[in-house]
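# Commentary on secondary and tertiary structure
What follows is each chain in one-letter form.
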Amino acid sequence: MDRYTSNKNGEGYADNTAYKAIRNVSMTEKNKTSKQRVTEAEEQKALIQWAKFQEKKYPELKMIFHCPNESKRSARYGAELKRMGMAKGFPDLGLLVPNKKYAGLFIELKADKTKSMTKEQKEWLEKLNSYGYKAVRCNGSEEAIQVIKKYLNI
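Here goes a summary of the coordinates provided. (Residues numbered from 1 in each chain as written. Predicted model: local features only at pLDDT ≥ 70, side-chain atom pairs only at ≥ 80, totals over all residues. Heavy atoms only, no water.)

Tallying secondary structure elements over the protein gives 5 helices and 6 strands in all. Helices (α) and strands (β) of the protein occur, in sequence order from the N terminus, as β-β-α-α-β-α-β-β-α-β-α. Considering the protein as a whole, with its 154 residues, one finds that 40% of them fall into the buried category. On the protein, roughly 9,800 Å² of surface is accessible, and the fraction owed to carbon and sulfur atoms is 51%. (Helix = DSSP H or I, 4+ residues; strand = E, 2+ residues; numbered from the N terminus. Buried < 20%, exposed > 50% of the residue type's maximum accessible area, 1.4 Å probe, protein only. Areas by Shrake-Rupley, 256 points an atom, 1.4 Å probe, with all protein chains shown as cover.)

This is the structure we're talking about:
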């Protein structure tokens, strides 16, 4: 973490500086070239790291969470998770902080515009929006960060 100390201010990390550093470290660690695609998981990690660096200045960001609905698992364990309430298509990220207009924010994060949403993902966003939440699809962590900043008015 000391690589960020020179960018730290009294209330958190500079928004763009921290974000760029996180992306650079992520890309360097995997020896990626600019032509290789960034995965959804990498985009999500960058977003969460950005939020962690901003928590001191914006404590609302401590309320962001990931709902791990995806991943490969055995049929038996998948059935157990369904009995426990796992729901297919539920958004990747939630920010359980109300603002003046919405009860909370949910984000279905995709690595880029070429990835399509499933029928269940679309239905969840529609349902959440109908119940007073802001539920959106974001293409990449940069777009998601801008949506969060606008939602929180920061």
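Still more to cover.
Another aspect to go through is the packing of helix 2 (residues 40-54) against helix 5 (residues 141-152). Close contact between helix 2 and helix 5 brings their axes to 9 Å; oriented N to C, the two are set at 35°. Our pair here, helix 2 against helix 5, has a crossing hand that is right-handed. Here Glu43, Ala46, Leu47 and Trp50 of helix 2 come into contact with helix 5, specifically with Ser141, Ala144, Ile145, Ile148 and Lys149. Among the residues forming the contact of helix 2 with helix 5, the class breakdown is 6 nonpolar, 1 polar and 2 charged. (Axes fitted to C-alpha atoms, helices over the stretch in contact; angles between N-to-C directions. Left-handed = near helix turned anticlockwise from the far one by under 90°. Contact = heavy atoms within 4.5 Å. Nonpolar A, V, L, I, M, F, W, Y, C, P; charged D, E, K, R; others polar.)

Following the criterion strictly, the structure yields 4 salt bridges and no others. One salt bridge in this structure joins Lys119 and Glu123, with 3.9 Å as the shortest N-O distance. With a gap of 4 residues between them, Lys119 and Glu123 both fall in helix 4 (residues 119-130), about one helical turn apart. Judged by relative accessible area, Glu123 falls into the partly exposed class, the value being 32%. (Salt bridge = Lys/Arg side-chain N within 4 Å of Asp/Glu carboxyl O.)

With that settled, the discussion passes to the pairing of strand 6 (residues 134-139). By the bridge criterion, 6 bridges tie strand 5 (residues 105-110) to strand 6 in an arrangement that is parallel. Residue pairing for strand 6: Leu109 is matched across the bridge by Cys138. For the crossover that starts at strand 5, traverses helix 4 and ends in the parallel strand 6, the hand is right-handed. (Pairing = 2+ DSSP bridges. Right-handed = clockwise from strand over helix to strand, strands pointing away.)

Attention now goes to the sheet that holds strand 4 (residues 93-95). Pairing within the open sheet is mixed, and its 4 strands lie in the order 3-4-5-6. The open sheet terminates on both sides in strands that have one partner only, identified here as strand 3 (64-66) and strand 6. Strand-to-strand, the axes of this sheet are offset by a mean angle of 25°, without reference to chain direction. Examined bridge by bridge, strand 3 and strand 4 share 3 bridges and lie antiparallel to one another. By the bridge assignment for strand 4, Phe65 is matched with Gly94.

The next point concerns the pairing of strand 5. For strand 5, a buried count of 6 out of 6 residues is recorded, marking the element as mostly surrounded by other parts of the structure. Of the two faces of strand 5, both are covered, the one formed by Leu105, Ile107 and Leu109 as well as the one formed by Phe106, Glu108 and Lys110. Relative to strand 5, strand 4 runs antiparallel, the two being bridged by 3 bridges. Residue pairing in the sheet places Leu95 in a bridge with Leu105 of strand 5.

Everything listed here is a matter of geometry and, on its own, says nothing about what the molecule does.
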